Amino acid sequence: EIAAVPAMLDIICHATGVGFAAVVRVTEERWLACRVRDEASLGIRAGDVLRADTMPCRDAWQKGEPVIINDVGAGERAGTTSAGRPFGFRSYISFPIVTSDGAVFGTLCAIGVQPARLDSPDIAHIFRQFAALIGTHLDARRQSAGVDHPREKDGTAAPAQGGPLATLIEHLPV
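We now turn to the structure provided with this report. Note that the coordinates shown come from a computational prediction; the quantities given were computed from them, not determined experimentally. (Residues numbered from 1 in each chain as written. Predicted model: local features only at pLDDT ≥ 70, side-chain atom pairs only at ≥ 80, totals over all residues. Heavy atoms only, no water.)

### With respect to the overall build of the chain
Threshold: Numbered from the N terminus, helices here are DSSP runs of H or I no shorter than four residues, and strands are runs of E no shorter than two. Only protein chains enter the area calculation, which uses a 1.4 Å probe; residues under 20% of their type maximum are buried, those over 50% are exposed, and those in between are partly exposed. Two residues qualify as a contact provided that any one of their heavy atoms is within 4.5 Å of a heavy atom in the partner residue. Reported accessibility uses the Shrake-Rupley method at a 1.4 Å probe radius. Residues are deemed covered only where the shown protein chains occlude them.
The helix and strand tally for the chain stands at four helices and six strands. Starting at the N terminus, the α and β elements of the chain follow one another as α-β-β-β-α-β-β-β-α-α. Counting every position in the chain, which comprises 174 residues, the buried fraction comes to 48%. Nonlocal contacts in the chain, meaning residues at least 24 apart in sequence, comprise 57% of its contacts between residues at least 6 apart. Counting every atom, the chain has about 8400 Å² of accessible surface; 52% of that belongs to carbon and sulfur.

### With respect to unusual backbone geometry
At S41, a position not held by glycine, the phi torsion is positive, near 55 degrees. The residue S41 is located in the loop between β2 (30-38) and β3 (49-51) in this model. For S41, a relative accessible area of 65% gives the class exposed.

### Topic: helix α1 (residues 5-16)
Rule in force here: Helix span, as expected, comes to 1.5 Å for every residue beyond the first. Read the arc as the range of directions from the helix axis to the C-beta atoms.
With 12 residues, α1 should cover 16 Å at 1.5 Å per step; its first-to-last C-alpha distance of 16 Å lies within 8% of that length. Along α1, the residues that are buried comprise V5, M8, L9, I12, C13 and T16. Buried residues along α1 cover an arc of 135 degrees about the axis, so they all sit on one side. Packed against the buried residues of α1 are β1 (20-26), β2, β6 (104-112) and α3 (121-145). Phi turns positive one or two residues past the end of α1, at G17, with a value near 80 degrees.

### Some thoughts on α3
Counted at 1.5 Å a residue, the expected span for α3 with its 25 residues is 36 Å, and the 36 Å between its end C-alpha atoms agrees. Check the buried side of α3 and you find it contacts α1, β1, β5 (91-98) and β6. G146 sits one or two positions beyond α3 and adopts a positive phi of about 70 degrees.

### Section: the pattern of salt bridges
What counts here: Between Lys or Arg on one side and Asp or Glu on the other, a salt bridge is scored when a side-chain nitrogen of the former is within 4 Å of a carboxyl oxygen of the latter.
Taken as a whole and judged by the stated rule, the model has seven salt bridges. For D10, the salt bridge identified is with R37, shortest N-O distance 3.0 Å. Note that D10 is positioned in helix α1 and R37 in strand β2, a separation of 27 residues in sequence. The exposure class assigned to D10 is partly exposed, which follows from its relative accessible area of 34%. By relative accessible area, R37 is classed as partly exposed at 29%. For R142, the salt bridge identified is with D101, shortest N-O distance 3.6 Å. Of this pair, R142 sits in helix α3 while D101 sits in the loop between β5 and β6, and the two are 41 residues apart along the sequence. Put simply, D10, R37 and E39 are held in one network by salt bridges that share partners.

### Focus on the side chain of S120
Spelled out, the test is: Polar contact is the term for a pair of N or O atoms within 3.5 Å; when the atoms are in protein, one must be able to donate a hydrogen and the other to accept it, and sequence-neighboring residues count only if both atoms are side-chain atoms.
Mapping S120 onto the fold places it in the loop between β6 and α3. For S120, a relative accessible area of 12% gives the class buried. Among the polar contacts listed, one links the side chain of S120 to the backbone nitrogen of I123, at a separation of 3.2 Å.

### Digging into the packing of α1 against α3
Keep this limit in mind: Fitted lines through C-alpha atoms give the axes, limited to the stretch in contact for helices. The angle between two N-to-C directions lies from 0 to 180 degrees. An angle below 35 degrees is read as roughly parallel, one above 145 as roughly antiparallel, one from 65 to 115 as roughly perpendicular, and any other as oblique. Asp, Glu, Lys and Arg are counted as charged, while Ala, Val, Leu, Ile, Met, Phe, Trp, Tyr, Cys and Pro are counted as nonpolar; the rest, among them Gly, fall into the polar class.
Between α1 and α3, the shortest axis-to-axis distance is 11 Å and the interhelical angle comes to 170 degrees. When the axes of α1 and α3 are compared, the pair comes out roughly antiparallel. From α1, V5, M8, I11, I12, A15 and T16 reach across to α3, where they touch I123, I126, F127, F130, L133 and I134. For the contact of α1 with α3, the per-class residue count stands at 11 nonpolar, one polar and no charged.

Below is the structure:
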């Protein structure tokens, strides 16, 4: 567990004006909430798993680029997902969390039930810096545990193999 993450999520909720922020582990098929701040009462808790295709985070994970949606209701493109359907959100921002080897662990995201101006340079700066900091902490943990993730053809980390320690490291809560 990275001690600074709860403070980061608090700052994100305050700076964006949205009530939900999280660090999530994203794969092709699932969205795993690692750490959550839910002041919007979305009902998402740490440990919850959703289908990845229901959340725009998957686009950030696949492309390694931020996804920023100020207002889904205004017709803004929500990527290739069925964005907002399960939770009725209107605004969304997600930045990839990338480790030093280029693997995308997941994303740092925020969700709002109302439209919000999330495309400002200041908000982007906060997300970029926090996502980089989380990636650095994940690297340090992986190195201290002596784990090196194999790579898939597309450059993402391959699923952990080789026993309980590898599985535990692969699913470290952030």
